[in-house]
Amino acid sequence: QVQLQQSGPGLVKPSQTLSLTCAISGDSISTNSAAWNWIRQSPSRGLEWLGRTYYRSKWYSDYAVFVRSRITINPDTSKNQFSLQLKSVTPEDTAVYYCARDLSDYGDCMDVWGQGTTVTVSS
Amino acid sequence: QSVLTQPPSMSAAPGQKVTISCSGSSSNIGSNSVSWYQQLPGTAPKLLIYDNNKRPAGIPDRFSGSKSDTSATLGITGLQTGDEADYYCGTWDRSLSAGEGVFGGGTKLTVL
């Protein structure tokens, strides 16, 4: 079955860049029927979709408006994984970060989630 | 404040039925499929319902979903103590560029 394994630091200093990776097993990042998302969750803001990357004859990335100026999501086909980079973080970016697969043939639902990474932004 | 509106909490007794509502707008629920997720404490959300009313393999038929216009509903029958969790609705909002994922604020279900 499909599994997503997240990795990355749990502590980031203010103004620095948050970097996380999501390794995919059981599916190909280059599939035409899925997209690869980053979502975060905090008690004050709930679940927030950050963005996604997907392949449809070429690579695309979509980002949430509220983080568009600071976010990059990149695929790595050689390692079958994708990454999140969030620049210029503040304590407001403290959250549990999840990667997730969404299936276009199933109403774009998030059917597989990573285990979550708690990221704290603090000096 | 979340784009989709859910009641913050609900409670019911074991064996009873509960329905959780999710309200949105024409740009999200009104024009896209709705999914529902269950989140147990300390774990990632788990897909319960997709494409408004379909259940993934392994999800019991005690869980059901429906959608009408700009609202969706999750139904749970025969409540069990193991159903005590947070429930979230989710969909896409295509009023902004290629579309953005949106979620409800979550409903904490207590099984008394």
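Here we summarise the structure given alongside this text. Computed from a prediction, not measured in an experiment: that's the story for all the values here.

Before going further, it helps to examine the packing of aromatic side chains. On inspection of all chains with the given rule, the structure shows 9 aromatic pairs over all chains. Relative to Tyr60(A), the ring of Tyr54(A) has its centre 5.5 Å away and its plane inclined at 15 degrees; by these criteria the two rings are stacked.

With respect to the element layout, Arg52(A) can be found in strand β5 (residues 46–55). Here Asp102(A) takes part through its side chain, which lies 3.1 Å from a polar atom of the side chain of Arg52(A). The residues contacting Arg52(A), other than those within four sequence positions of it, are Ala35(A), Trp36(A), Asn37(A), Tyr60(A), Ser61(A), Asp62(A), Ile73(A), Asp102(A), Asp108(A), Trp92(B) and Arg94(B).

Moving on, we get to the state of the cysteines. Going through the model one piece at a time under the given rule, you end up with 2 disulfides over all chains. Residue pairing for Cys22(B): its cysteine sulfur links by disulfide to Cys89(B), the two sulfurs lying 2.0 Å apart. An S-S torsion of about 75 degrees defines the bridge between Cys22(B) and Cys89(B) as right-handed. Residue Cys22(B) is found in strand β2 (residues 18–23), and its partner Cys89(B) is found in strand β7 (residues 85–93); the two are separated by 67 residues along the sequence. The class for Cys89(B) is buried, based on a relative accessible area of 0%. For the unlinked cysteine Cys109(A), the closest cysteine sulfur is that of Cys89(B), found at 14 Å. Note on Cys109(A): relative accessible area 2%, which makes it buried.

Moving on, we come to the pairing of strand β8 (residues 100–103) of chain B. Taken residue by residue, a regular strand's side chains alternate between the two faces of the sheet. Residues and elements named next belong to chain B. Alternating residues of β8 divide into Glu-100 and Val-102 and Gly-101 and Phe-103, and every residue in both groups is buried. For β7 and β8, the ladder comprises 4 bridges, and the chain directions are antiparallel. Residue Thr-91 lies in a different strand from β8, and its bridge partner there is Val-102.

Turning next to the pattern of salt bridges. All names here are of chain A. Applying the stated criterion to the full structure yields 14 salt bridges over all chains. When the shortest N-O distance is used, the salt bridge between Asp-102 and Arg-52 registers 3.1 Å. Placement of the pair is Asp-102 in strand β9 (residues 95–103) and Arg-52 in strand β5, with a sequence separation of 50 residues. Using a relative accessible area of 7% as the deciding quantity, one classes Arg-52 as buried.

So, on to the layout of surface pockets. Taken as a whole, the largest pocket spans an internal volume of roughly 290 Å³. Surrounding the largest pocket, 16 residues form its lining, Leu47(A), Glu48(A), Phe66(A), Gln1(B) and Val3(B) being those nearest its centre. Secondary-structure elements contributing two or more residues to the lining of the largest pocket are β5 of chain A together with β8 of chain B. When residues in the lining of the largest pocket are grouped by element, the largest group, 4 residues, is from β8(B).

Moving on, we come to the sheet that holds strand β7 (residues 71–76) of chain A. Adjacent strands of a sheet form backbone hydrogen bonds with each other and so pair up, either parallel or antiparallel. All names here are of chain A. Spatially, β1-β3-β8-β7 is the arrangement adopted by the 4 strands of the open sheet, whose pairing is antiparallel. The open sheet has two edge strands with one neighbour each: β1 (3–7) and β7. Strand-to-strand twist of the sheet, defined as the mean angle between neighbouring strand axes without regard to direction, takes the value 20 degrees. Where strand β3 (residues 18–25) and strand β8 (residues 81–86) come together, 6 bridges link them in antiparallel fashion. Directly across from Leu-18, in β8, lies its bridge partner Leu-86.

The subject of this paragraph is unusual backbone geometry. With phi around 50 degrees, Ser88(A) is a residue other than glycine that occupies positive phi space. Tracing the sequence through the fold places Ser88(A) in the loop between β8 and β9. Residue class for Ser88(A) comes out partly exposed when judged on its relative accessible area of 42%. Within the chain, Asp69(B) stands out as a residue other than glycine whose phi angle is a positive 55 degrees. Tracing the chain through its elements places Asp69(B) in the loop between β5 (63–68) and β6 (71–76).

Each value, and the rule that gives it
Residues numbered from 1 in each chain as written. Chains lettered and ligands numbered in written order. Predicted model: local features only at pLDDT ≥ 70, side-chain atom pairs only at ≥ 80, totals over all residues. Heavy atoms only, no water. Phe/Tyr/Trp six-rings, centres within 6.5 Å; stacked < 30°, edge-to-face > 60°. Helix = DSSP H or I, 4+ residues; strand = E, 2+ residues; numbered from the N terminus. Polar contact = N/O pair within 3.5 Å; in protein donor to acceptor, adjacent residues only side chain to side chain. Contact = heavy atoms within 4.5 Å. Disulfide = S-S within 2.5 Å. Buried < 20%, exposed > 50% of the residue type's maximum accessible area, 1.4 Å probe, protein only. Pairing = 2+ DSSP bridges. Salt bridge = Lys/Arg side-chain N within 4 Å of Asp/Glu carboxyl O. 1 Å grid on protein atoms, 1.4 Å probe; cavity = no way out; pocket = protein on both sides within 12 Å on 5 of 7 lines; lining within 4 Å. Points joined across faces, edges and corners; volume = space filled by probe spheres on them. Axes fitted to C-alpha atoms, helices over the stretch in contact; angles between N-to-C directions.

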